[in-house]
Amino acid sequence: MLVLTRRAGESIVIGNGIKITVVNIGPGRVKIGVEAPPSVRVDRAEIHARILNEQSSDVLAAVSAQTDAEAGDHPTLVNAASDTKVLPNRVAEQLPDLPEPVAVPAPGSVTPPVGASSGARLSSFRAPRKSR
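All of the points below concern the structure found in this document. Predicted model, so just to flag it, every value in this text is computed and none were measured.

**Here's the deal with the overall build of the chain**
The number of helices and strands found in the chain is two helices and three strands. Its helices and strands taken in sequence order, the chain reads β-β-β-α-α from the N to the C terminus. Going through the 132 residues of the chain one by one, you find that 2% of them count as buried. For the chain, the share of sequence-separated contacts (at least 6 apart) that also reach a separation of at least 24 residues comes to 0%. Counting every atom, the chain has about 13,300 Å² of accessible surface; 57% of that belongs to carbon and sulfur.

**Here we look at the pattern of salt bridges**
Enumeration according to the criterion identifies three salt bridges in this entry. The partner of Arg41 in a salt bridge is Asp43, and the shortest N-O contact between them spans 2.7 Å. Relative accessible area serves as the criterion here: at 62%, Arg41 is assigned to the exposed category. You can call Asp43 partly exposed: its relative accessible area is 31%. Where Arg44 meets Glu46, a salt bridge forms, and the shortest distance between an N and an O atom there is 3.3 Å. Exposure remark for Arg44: the relative accessible area of 53% places this residue in the exposed category.

Parameters at a glance
- Residues numbered from 1 in each chain as written.
- Predicted model: local features only at pLDDT ≥ 70, side-chain atom pairs only at ≥ 80, totals over all residues.
- Heavy atoms only, no water.
- Helix = DSSP H or I, 4+ residues; strand = E, 2+ residues; numbered from the N terminus.
- Buried < 20%, exposed > 50% of the residue type's maximum accessible area, 1.4 Å probe, protein only.
- Contact = heavy atoms within 4.5 Å.
- Areas by Shrake-Rupley, 256 points an atom, 1.4 Å probe, with all protein chains shown as cover.
- Salt bridge = Lys/Arg side-chain N within 4 Å of Asp/Glu carboxyl O.

Below you can see the structure in the form of structure tokens.
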């Protein structure tokens, strides 16, 4: 959001034909004037929200009336016809088959390596330190 400071009588311009002018500043309220081309509708936010809500309910009513008027109440299905072209996935065709999944032990459980006795301790590997 762009926030501008204007005094009474000063204006800002939006686009090519919208001009907003501060008309009066009073305690707790500001009067603004909006000059816009006839093709641009200017509404207060609460009126705009009410109009959008009414339009959406009108559209829903029209759609439900249309589906009731049609023979049968079947949902619209979109199917591929026999002449529909399918793009090949050349990368997927070149990938090798995946191996069978391997069971992974739960986190926190320690399993000894194959061939090691249960009491044997795993050797710990420590990477060498970097010189400073």
